[in-house]
Amino acid sequence: MSKLGKFYITTPIYYVNDKPHIGHAYTTIAADVLARWHRLKGDMVFFLTGTDEHGEKVAAAAEKAGQTPKQFADSVVSTYITAWKRLEVGYDGFIRTTDPNHAKAVQDFVNKMVDNGDVYKGKYEGWYCVSDESFWTDLQLKDGKCPECGREVKKVKEDSYFFRLSKYQDALLDFYKENPDFLSPRYRANEIINRVKDGLKDVSISRTAIKWAVPFPGDAQHWVYVWVDALINYISALGWPGGENYKAYWPADVHLIGKEINWFHSVIWPAMLLSANLPLPKKVFSHGWWTAEGQKMSKSRGNFVNPLDIADRYSVDALRYFLIRELPLGDDGDFSEKALIARINGELVADLGNLIYRILTLAERFAGEFRGSPELEPKLDISKIESKMDDLDTFGALNDIWGFIREANKYVNEKEVWKLSGDELSNALYNLLEACRIISILISPFMPETSSKINAQLGIGPGTLNDCRFGRFKGRIKKGEYLFKKVEQKA
Ligand code: ME8
């Protein structure tokens, strides 16, 4: 994946019906970690996120707020931009589907599908879930409700343009076979493959009733269905068709998404691209879902976890660390403050914070040079960490980095470094300082602020993955505060 030296990663574009919650922060932080990792490797990286602003759901939220959809979208978008800034999300592009160049790209794309003979006019009759902006048939409903989110659906009967999705069944199955990494993680692949094997129905791609949308090209009575509009963001943001970024970055290396929108990304989007005769993304990775304190997050429960509240209470890096360390990217998990506090105290304070503080205390006192032989280096397997990150195993990679932090602490204890002096102390400190320098590089994608703090105390600048070898320690030590504070566990 990364051999080409370029890395294009995207998050879903989020609906602007409400401000971001922990689920949105999760995908975006995970994508940021991967983007930062590839920058460390020296890859040319484009990390795209943004907002999905058209459609019935956003229009309804705006109406409720007594605003026009655009006014409403503008105010919610600013909550996203503020949140990502605060959470140290360093994206390269932020697309809003209300950007005029996006609308133009959507129309050009639809025209390509039309030119290819893949679009015809008909009548749609079925069910619509406004919350998921998705069409359902009678058979798909579960107890008369949306099979995805369990909400009420409404009957829709309107003229519509259809996309011949059915035509692409074989091409998609062939593509999955030839590209076994496309559907990731692997254990979610069969669900998609089996559904595609069962047969694909043509899908509605225009609405007449919903006018908060991109006008359908060539028919003033129709507007582009919001999901078609949304998926095209991944290329319109790169300036497709002619943009330099499109040429440099497409196809995407990873579309990182939540598992509930896998169908749209693994079936509809590739079929649209096949119809438009464009290259397909290399990987769609659908991650799991978070609950909050054991409960599904929902508007009716009012239990959405606000990531900014958590960051204010515990620090941005504690939040970033927790989200990645708590579970593998594909798994479902539960967000609880108790679990977060346990990790802060047990891992950030006791392992990492303690290591840096202990070493720098000793190093600052030591008057000689830090010289020795790299005894700790064999405890670190960078290529293993690298291959885990290439496989999007951010959890496994962070686990391995933590293994090295623990090895360094073990080294301090076993050698009883505080009792050493002369060459022995010099050698031990050399090893430990080089370990800290490398740890700081390795954690930088996960906890950028903590990495900067460690660098400041070591008196060094930021490094790259190439610098993760023991060399000569060249820093000028200036010990600072503890990196993390212990948090009282609530009863
Ligand atoms: O679906 N746990 O937008 P959306 C983990 N606009 N991740 C979660 C989550 C949870 N509980 N809740 C949300 C849309 N997410 C469309 C996408 S893309 C062309 C269009 C994350 O605002 C996860 O990434 O409903 C999920 O896929 C996304 O937010 C849905 O955001």
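Below: a short report on this structure. (Residues numbered from 1 in each chain as written. Predicted model: local features only at pLDDT ≥ 70, side-chain atom pairs only at ≥ 80, totals over all residues. Heavy atoms only, no water.)

1. Concerning the overall build of the protein
Here is step 1: Counting secondary structure elements, the protein contains 17 helices and 14 strands.
Here is step 2: In summary, the protein has a C-alpha radius of gyration of 25 Å against a globular reference of 23 Å for 491 residues, a match within 12%.
Here is step 3: The dimensions of the protein, computed from C-alpha atoms along their principal axes, are 85 × 50 × 40 Å.
Here is step 4: Of all 491 residues assigned to the protein, the portion counted as buried reaches 57%.
Here is step 5: Partitioning the contacts of the protein with sequence separation of at least 6, the portion at a separation of at least 24 is 78%.
Here is step 6: Total accessible area on the protein stands at roughly 21,100 Å², and carbon and sulfur atoms take up 49% of it. (Helix = DSSP H or I, 4+ residues; strand = E, 2+ residues; numbered from the N terminus. Rg over C-alpha atoms; globule rule 2.2 N^0.38 Å. Buried < 20%, exposed > 50% of the residue type's maximum accessible area, 1.4 Å probe, protein only. Contact = heavy atoms within 4.5 Å. Areas by Shrake-Rupley, 256 points an atom, 1.4 Å probe, with all protein chains shown as cover.)

2. A word on the site of the ligand
Here is step 1: Taken together, the neighbourhood of the ligand is formed by 23 residues, with Ile-13, Thr-27, Asp-52, Glu-260 and Trp-290 sitting nearest.
Here is step 2: Within the backbone of Gly-23, one N or O atom sits 3.5 Å away from a nitrogen atom of the ligand.
Here is step 3: A distance of 2.9 Å separates an oxygen atom of the ligand from a polar atom in the backbone of Gly-258.
Here is step 4: Protein contact buries 94% of the 670 Å² of open area that the ligand shows by itself.
Here is step 5: For the shell around the ligand, the elements supplying multiple residues, two or more each, are strand E1 (6-15), helix H1 (22-41), helix H7 (226-231) and helix H8 (233-236).
Here is step 6: By residue number, the principal contributor to the shell around the ligand is E1, which donates four residues. (Near = heavy atom within 4 Å. Polar contact = N/O pair within 3.5 Å; in protein donor to acceptor, adjacent residues only side chain to side chain.)

3. A look at the environment of Ile-210
Here is step 1: Inspection of the secondary structure puts Ile-210 in the loop between strand E9 (206-207) and strand E10 (223-224).
Here is step 2: For Ile-210, a relative accessible area of 16% gives the class buried.
Here is step 3: In this structure the C-alpha to C-alpha distance between Ile-210 and Val-226, which are 16 residues apart in sequence, comes to 9.4 Å.
Here is step 4: Those residues within four positions of Ile-210 in sequence are excluded, and the remaining contacts are Gly-55, Glu-56 and Trp-223.

4. What about the pairing of strand E6 (residues 154-163)?
Here is step 1: Pairing between strand E4 (residues 119-129) and E6: ten bridges, direction antiparallel. Within the sheet, the bridge partner assigned to Gly-122 lies in E6 and is Ser-160.
Here is step 2: Of the pairings in the sheet, the one linking E6 to strand E8 (residues 203-204) comprises two bridges and is antiparallel in character. Bridging across to E8, Phe-163 finds its partner in Val-203. (Pairing = 2+ DSSP bridges.)

5. Some remarks on the sheet that holds E4
Here is step 1: Within the open sheet, the four strands sit side by side as E5-E4-E6-E8. Their pairing is antiparallel. The open sheet is flanked by strand E5 (134-136) and E8, the only strands paired with a single partner.

6. Digging into empty space enclosed by the protein
Empty space left among the atoms is revealed by rolling a probe the size of a water molecule over them.
Here is step 1: A full pass over the atoms with the stated rule returns one cavity of 30 Å³ or more.
Here is step 2: Estimates place the volume of the largest cavity at around 60 Å³.
Here is step 3: As for the largest cavity, its lining consists of Gly-55, Glu-56, Tyr-128, Glu-133, Arg-207, Ile-210, Trp-212, Ala-213, Trp-223, Val-224, Tyr-225 and Val-226.
Here is step 4: In terms of residue class, the lining of the largest cavity is made up of eight nonpolar, one polar and three charged. (1 Å grid on protein atoms, 1.4 Å probe; cavity = no way out; pocket = protein on both sides within 12 Å on 5 of 7 lines; lining within 4 Å. Points joined across faces, edges and corners; volume = space filled by probe spheres on them. Nonpolar A, V, L, I, M, F, W, Y, C, P; charged D, E, K, R; others polar.)

7. Looking at unusual backbone geometry
Here is step 1: Residue Pro-185 follows Ser-184 across a cis peptide bond; omega there is -10 degrees.
Here is step 2: Summarising the element assignment, Pro-185 is placed in the loop between strand E7 (183-184) and helix H6 (189-197).
Here is step 3: Following Trp-240, the chain continues to Pro-241 via a peptide bond in cis, the omega torsion being 5 degrees.
Here is step 4: Considering the arrangement of structural elements, one finds Pro-241 in the loop between H8 and helix H9 (244-249).
Here is step 5: The backbone of Glu-88 sits at a positive phi, close to 65 degrees, despite the residue not being glycine.
Here is step 6: With respect to the helices and strands, the residue Glu-88 is situated in the loop between helix H3 (69-86) and strand E3 (93-96).
Here is step 7: Even without glycine at this site, Glu-293 takes up a positive phi of about 50 degrees.
Here is step 8: Here Glu-293 lies in the loop between strand E13 (290-292) and helix H11 (307-314).

Purely geometric numbers; function is a separate question.
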